[in-house]
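Summary of structural features
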Amino acid sequence: MSHASQLQAVLDRIDADFDNSLERLFELLRIKSISADPAFTADCKAAADHLSRDIATLGFDTTVRPTAGHPAIVARSSVNGKANPEPRPHVLFYGHYDVQPVDPLSLWHRPPFEPAVTTHADGRKIVVARGAEDDKGQLMTFVEACRAWMAVSGSLPVDITMVIEGEEEIGSKNFVPFLEQNKGEFKADFAMICDTGMWDPNTPAITTSLRGLVYDEVKIKAANRDLHSGIFGGGAQNPIRVLTRILGGIFDEDGRITIPGFYDGVKDLPPDILAQWSKLNLTPESFLKPIGLSIPAGEKGRLLIEQISSRPTCDINGIFGGYTGEGSKTVIPAEASAKISFRLVEGQQPDKIRKAFRDYVTARLPGDCKAEFADHSSAPAVALDWNMKPLAAAKRALSEEWGKETILMGSGASIPIVADFKRTLGLDTLLVGFGLDDDNIHSPNEKYDLKSFHKGIRSWARILAALADAAR
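Residues numbered from 1 in each chain as written. Predicted model: local features only at pLDDT ≥ 70, side-chain atom pairs only at ≥ 80, totals over all residues. Heavy atoms only, no water.

Here we take up the packing of aromatic side chains. Evaluated as defined, the whole model comprises 14 aromatic pairs. Measuring from ring centre to ring centre gives 5.9 Å for Tyr-94 and Phe-175, while their planes differ by 50 degrees; the resulting arrangement is tilted. Here Tyr-94, found in strand β3 (residues 90-96), pairs with Phe-175, found in helix α5 (residues 175-181); they are 81 residues apart in sequence, far enough to count as distant. Here Tyr-94 falls in the buried class, since its relative accessible area comes to 2%. (Phe/Tyr/Trp six-rings, centres within 6.5 Å; stacked < 30°, edge-to-face > 60°. Helix = DSSP H or I, 4+ residues; strand = E, 2+ residues; numbered from the N terminus. Buried < 20%, exposed > 50% of the residue type's maximum accessible area, 1.4 Å probe, protein only.)

This is the structure we're talking about:
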């Protein structure tokens, strides 16, 4: 019997049990699992223990595993205590139970760890609490979908290993070493993460690419001390002038980056994806006007959606030097610095981009100046194969649930764990999520639409069936 034939019963079960699903989410949301603050270490352990016990009730072999920081949960699906005997797809599902601090507490409309269903200004029913969307609500959509499958059929359509960490909000600094040390336990066909968003409240999306990152710092040095500009002005080199001239030359009049070799390996979108993105009609009016802007600043001749998600960028994040205090001080500074970030796309290598930037700066230094560089974070871009079978199966399943074509979209941000899965485990990752732009993640009054939670559960139930049937 195909899993598609059982699917309606599973969906009916989700609908009938939804109030209980919501209460189980509330139980998790009440735990103050703030990973950044040592005062909540016990709460993080409590969240891991709570989730482990809950997932174990679904028939998973579940353990809470120590790391050098907050614990991780590892859970493997089984049937009657034994692994499924039939070969079938094996997926690794990742989520995180830790949440951001709640400060400033005064801006919350209600206590952040006392979840409640309220009504949004536009009439939508929403769950309000810290972690409601990021990532407790999201990961529980997957857990609840597994619960419904187990209740109806006593088994899952695919083999599943869940790994849920407690340090995502502080950079997964201890989880990644844990992953590397135990990578033999996490063999799978591909990974899945529910920590992304939809295109809009009614249109599902799969994130198929994530931009990588290079963050660098440059310091230009000239004289051996700050100088009086009345005495030395006109004769001594000014590092701020040198730095701003070099940085200003990185961009041409068309918004392209002039660093030699920067675009090597960068490909255009497939025509069918570009056509789909064009129909989304992301405009300066809708995207830039709310932040007080009106003119796209990226490469001319590119759609705005390309500029923010599928094209590489360079941004100067900070620049400083000389006197910046109150009043005036006529000084030529001895040094000037800038912090620069590059968002990368598939085909670009972080090390090569960092070297190209440094070579660009060094080649433009005048006499009497030298440059020093500080190496900050980096991560490669990640992109799925557009023809990947699990991607097509998930796309169909989401479209069936939401009644609208699923958008395959790129993300301008970076999710480092996706690159870690590729580097450490060799796994591609399906990024399916149900968050919305107005969910206030990392901010006061975080929320998750009740519709996102309910239909998110139904969506994962459909996806699991589709993945199983696609493998037949």
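We now examine helix α2 (residues 18-29). The terminal C-alpha atoms of α2 lie 16 Å apart, and with 12 residues this matches the ideal 16 Å at 1.5 Å per residue to within 8%. Summarising the contacts, the buried residues of α2 are in contact with α1 (3-16), α3 (41-56), β4 (116-119), β5 (125-128), α4 (136-153) and α14 (450-470). (Expected span 1.5 Å × (residues − 1). Contact = heavy atoms within 4.5 Å.)

What follows deals with the nonpolar core. One finds Ile-160, Met-162, Met-192 and Trp-460 to be the most contacted residues of the largest nonpolar core, which totals 78 residues. Looking at this core, the element that brings in the most residues is α14, giving 11 residues. Excluding residues that lie within four positions of it along the chain, Ile-160 makes contacts with Phe-60, Ala-75, Arg-76, Ser-77, His-90, Val-91, Phe-142, Cys-146 and Leu-464. Core analysis: the next-biggest nonpolar cluster, separate from the first, contains 27 residues, Ile-246, Ile-259, Ala-356 and Cys-369 among them. (Core = buried A, V, L, I, M, F, W, Y, C linked by side-chain atoms within 4.5 Å.)

A complete count under the given rule lists 38 salt bridges for this structure. A salt bridge links Lys-355 to Asp-359; its shortest N-O distance comes to 2.7 Å. Taken as a pair, Lys-355 and Asp-359 lie in helix α11 (residues 350-363) at a separation of four residues, close to a single helical turn. Take Asp-359: its relative accessible area is 40%, and that puts it in the partly exposed class. For Asp-420, the salt bridge identified is with Arg-423, shortest N-O distance 3.1 Å. Of this pair, Asp-420 and Arg-423 both sit in helix α13 (residues 416-425), three residues apart, roughly one helical turn. Assessed through its relative accessible area of 13%, Asp-420 is described here as buried. It is possible to trace a salt-bridge network through shared partners that takes in Asp-15, Glu-400, Glu-401, Lys-455, Arg-458 and Arg-462. (Salt bridge = Lys/Arg side-chain N within 4 Å of Asp/Glu carboxyl O.)

Strand order in the open sheet formed by four strands is β11-β13-β9-β14, with antiparallel pairing between adjacent strands. Each edge of the open sheet carries a strand with a single partner, namely β11 (313-321) and β14 (370-379). In this sheet, neighbouring strand axes are inclined to one another by 15 degrees on average, regardless of whether the strands run parallel or antiparallel. As paired elements, β11 and strand β13 (residues 335-344) share eight bridges and run antiparallel to each other. Bridging across to β13, Asp-315 finds its partner in Ser-341. Of the strands in this sheet, β9 (212-221), β11 and β13 touch helix α7 (residues 239-248), which is tilted by about 15 degrees from β13. (Pairing = 2+ DSSP bridges. Axes fitted to C-alpha atoms, helices over the stretch in contact; angles between N-to-C directions.)

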